[in-house]
Amino acid sequence: MTRLEWDSTTDEAERSATRKTLGRAALRVLTRLVRTRWRSPRAMLQGRIKSLLARGDRGFLLRILRDHAFAMALAALIATGGMVNAAPAATVELSDVAAGDGGFVINGETAGDRSGYHVSGAGDVNGDGLDDVIVLGGADVAVVFGKANGTPVDVSTDSMGTQGFLITRESTGDGGGAGHCETQGATKISGAGDVDGDGLADLIVGGYCDGAYVVFGKADGTTVNLWTVTAGVGGFGLIDSRGNTVSGAGDVNGDGFADVIVGFPGGRSSGHAHVVFGPNGSGGFSLRSETDNPGMTVSGGGDINGDGLDDVIVGACYECGRSGHTYVVFGKADEAEIDLSAVAAGEGGFLVNGNGFNDMDGPPVSGAGDVNGDGLADLIIGIEFATAPNAGESYVVFGKEDGDTVELTDVSAGIGGFVVRGIDASDLSGASVSGAGDVNGDGLDDVIVGARGGDPGGRDNAGESYVVFGKPDTTAVSLSEVSAGAGGFVINGIDAGDSTGRSVSDAGDVNGDGLPDVIVGAWGGDPGGKDNAGESYVVFSPFSPPPPEFVRGDCNGDGEVDLSDAVCTLDWLFVGKATPGCIAALNTNGDEVVDLSDATYLLNFLFVGTAPPPVPFPDCGPGGLEVDNELGCQAPQEICQ
């Protein structure tokens, strides 16, 4: 039986090294043992194991390992917390981010622009391997390319240079742009996914009086004029009617192209939304109701019911200004119009009823990713005026296959999801909500909640945003606990009146470190003393990404360790062929360098029967040698992802 013995003479370096070794070994053993009863991808399984360890559900894992010789080592690991990713500080100060520490600021150009009124992740628009962001302010929209440094980005109508590009609507000089629509600004923006299938992420811009627009991704920094997009250059116009709310929708019809959704609220009662299919907007279907004004808010939801098609979320209000609810509509391939009363009855989706608080003009809604690790996408709904007096609440609703109505009062009680409760009066938490991706790298997706009325450090309405970590249980989350570092972290606004958190979004992996980042809008910010020019902050994940997994010896990454891998190593060393994506995998003898001896070692193992390469071998796993980090694994093997 494996034993772990420490005494008072054992220094911390040795303890740390032992914990790391145990962590890697325990993860491999647990993966093999639990795999027989867990039908999810390897990465999700390992994330689930880490999550269970981190959140105290360790008895479950020990029961699985009962009577196994490794149980004592695992018990020691659990006792020391060896597998838990060390938590960073519980608070991110945007003053630090503005100084380039942990992210970067995007400054509005002109007083009154209110840049950051709406922000969104954009995906990899320019194809450089880093995710980009999109910011709305004034009459223009700014696309800012991803980057790893903290240098501020200044939005400029002259030129964004290499930092991104603008989307504007200026008169073309030939009659295009005539009338009041020329000067009317956008009201909503979103990443759209790869609508046209060219490998670049696209964008959707809405709120103009004559429609919404899909703008195709591109690598250069030239300004995009939406009047040319209407003519089919660099994108396409969607519908010749005001599209007040817009979102990427994922692949709703399963044709391999990303789709979008546009909301058309109609006033006090009637309204509709429209799902538009990629690649060119020529197909899709409408979602209508004559009683509750759907389309006030819209979002892609991911695959909520697990049928392989992405779903959409539509916010509505029974009588705007009083109460609201949300429709989850399952993806489908046909173009038949959907009557949302049928969805409310459980056909082709399900209804989420509000909790009785004043939901105003339709609750903020968003896809949340897989928060609880069950393999289904979840959603998040914000109600900023919930609880007296307006502390606000947000609700994470777990994905499900059936069409039964979800009551947010049940979610508050821990049935089918969990509630995230605001702290102070007038914080307005839930004013904006979004999925955040797996910010802390534990295998579960996280969410972000904006509280635009928060007063960090007594600064009135400076605003706060909260990243709440994913979790499998349904226990209510208090943002007061998150601000103390339990189950997430808080992002504090800088100055009174900034209204940080007016808009929040996932940003994707902007800096390329392997973990997703977030973006937070502060539309009341005064960059350079320009009143209400607005600011947006890209906040990098404060966590260290998990080490990449690989199979030692698998030079060509084909999932097999054989003669071709020895040839691959020799080709790189002596013939000058392309550098393998994971150099650490070539270090088959476990010494300090990759050289001829590694190819020889592998050949001896394959054909002479000498000792195998060190772990990770023959299964995927993180590198177990100190030199593995130095050699690097920039492109993890596909079989290990």
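Here's a quick rundown of the structure.

Thresholds applied
Residues numbered from 1 in each chain as written. Predicted model: local features only at pLDDT ≥ 70, side-chain atom pairs only at ≥ 80, totals over all residues. Heavy atoms only, no water. Pairing = 2+ DSSP bridges. Helix = DSSP H or I, 4+ residues; strand = E, 2+ residues; numbered from the N terminus. Phe/Tyr/Trp six-rings, centres within 6.5 Å; stacked < 30°, edge-to-face > 60°. Lys NZ or Arg CZ within 6 Å of the ring centre and 35° of its normal. Expected span 1.5 Å × (residues − 1). Buried < 20%, exposed > 50% of the residue type's maximum accessible area, 1.4 Å probe, protein only. Contact = heavy atoms within 4.5 Å.

Turning our eyes to something else, we now look at the sheet that holds strand β23 (residues 378-383). Sheet strands pair by backbone hydrogen bonding; their relative direction is either parallel or antiparallel. Read from one edge of the open sheet, five strands run β22-β23-β24-β26-β30, paired in mixed fashion. The sheet is open, and its two borders are formed by β22 (365-369) and β30 (477-478), each paired with just one other strand. Sheet analysis places β23 next to strand β24 (residues 393-397), joined by five bridges and oriented antiparallel. Each bridged residue has a counterpart across the sheet, and for Ile381 the counterpart in β24 is Tyr395.

Moving on, we get to the packing of aromatic side chains. This structure, assessed with the given rule, holds 10 aromatic pairs. Between Phe145 and Phe165, the aromatic rings sit 6.1 Å apart at their centres with planes inclined by 65°, giving edge-to-face as the arrangement. Residue Phe145 is found in the loop between β5 (140-144) and β6 (153-154), and its partner Phe165 is found in strand β7 (residues 164-168); the two are separated by 20 residues along the sequence. Measuring from centroid to centroid gives 5.4 Å for Phe605 and Phe617, while their planes differ by 85°, and the two rings are edge-to-face. With Phe605 in helix α11 (residues 596-607) and Phe617 in the loop between α11 and β36 (621-622), the pair connects residues that are 12 residues apart, well separated along the chain. Put simply, the rings of Phe469, Phe489 and Phe543 pair up and form one aromatic cluster. In this structure, Lys471 is placed above the aromatic ring of Phe418, and the distance from its NZ or CZ to the ring centre is 4.3 Å. Lying across the ring of Tyr117, Arg502 places its NZ or CZ 4.3 Å from the centre.

Before going further, it helps to examine helix α10 (residues 563-575). Here α10 spans 17 Å end to end across 13 residues, near enough to the 18 Å set by a 1.5 Å rise per residue. For α10, the complete set of buried residues consists of Asp565, Ala566, Cys568, Thr569 and Asp571. Among the structural elements, α11 are those in contact with the buried residues of α10.

All right, on to the sheet that holds strand β14 (residues 259-265) then. Taken in spatial order, the five strands line up as β13-β14-β15-β16-β20 in an open sheet, and their pairing is mixed. The sheet terminates laterally at β13 (245-250) and β20 (338-339), the two strands that pair on one side only. Bridge analysis of strand β15 (residues 271-276) against strand β16 (residues 284-289) gives six bridges, and the strand direction is antiparallel. Note on β16: the bridge partner recorded for His274 is Ser286.

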